[in-house]
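Fold and geometry: a report
Below are the chains, spelled out letter by letter.
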Amino acid sequence: TNHNHLSNNLYPLSINMSQKNSIRIPPYHYIHVLDRNSNVTRLEIGPQTFIRQDHEKIMTGADAPVAMIVLPPRHYCEIADPIVKDKDGNPTFDQYGAININHGEVEIRFHEDYTEPFPIYPGESLRSKPSPLLVVKENQALKIEASRNFKKGDKEVVAGDEWLFKGPATYYPRIEERVVTIVES
């Protein structure tokens, strides 16, 4: 019998196959998953096998789960639009279950506070890759300028103020400060 008259489209797939239905997330890796029903993106951390539901879309890590950020000793990185944390350091959520974000802010994360690898939460972005802390040698100083008003101990610092950070020492950057130049003496 001749079955050439049957087309291959007799059994159309009703499932959107543009994304895998399951992803193996290894340890210290993560993906971002958008729930299309609630329009909230959540974080899924490995190790696990994530099974995608029909109403979910993998926003970050669809091709391959993303490796968490690792800060070696004496390193830091900058996170743009960081999450809002409670007093215990856990993320806070709004009434819809979305993670609260400090929009327009930048957070500097140091190895001392993040000894374990950490993920980038939905809404956050890595502004600068992990970088070594700047070591100021003897007979050197950093000329620092305040980029916004802040309190440094008991002293009120105003945007535009300048001062010297003298070596030998390790400089820990602050969001409120900008290194203008290195001064040799």
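Okay, so let's go over this structure. (Residues numbered from 1 in each chain as written. Predicted model: local features only at pLDDT ≥ 70, side-chain atom pairs only at ≥ 80, totals over all residues. Heavy atoms only, no water.)

1. Describing the sheet that holds strand 8 (residues 106-110)
- Taken in spatial order, the 3 strands of this open sheet run 8-7-9, and their pairing is antiparallel. Each edge of the open sheet carries a strand with a single partner, namely strand 8 and strand 9 (125-132). Adjacent strand axes in the sheet meet at a mean angle of 15°, parallel and antiparallel pairs treated alike.
- In terms of strand pairing, strand 7 (residues 75-80) meets strand 9 through 5 bridges, oriented antiparallel. When the sheet's bridge partners are listed, His75 is paired in strand 9 with Pro132. (Pairing = 2+ DSSP bridges. Helix = DSSP H or I, 4+ residues; strand = E, 2+ residues; numbered from the N terminus. Axes fitted to C-alpha atoms, helices over the stretch in contact; angles between N-to-C directions.)

2. Quick look at the packing of aromatic side chains
- All told, the structure shown has 5 aromatic pairs when counted by the stated rule.
- Ring geometry for Phe150 versus Trp163: centroids 6.5 Å apart, planes at 55°, classification tilted. One end of the pair, Phe150, is in strand 12 (residues 150-152); the other, Trp163, is in strand 14 (residues 162-166), with 13 residues separating them in the sequence.
- Relative to Tyr171, the ring of Phe165 lies with its centre 5.3 Å away and its plane at 70°, an arrangement referred to as edge-to-face.
- Take Phe165: its relative accessible area is 24%, and that puts it in the partly exposed class.
- Here Tyr171 falls in the buried class, since its relative accessible area comes to 6%. (Phe/Tyr/Trp six-rings, centres within 6.5 Å; stacked < 30°, edge-to-face > 60°. Buried < 20%, exposed > 50% of the residue type's maximum accessible area, 1.4 Å probe, protein only.)

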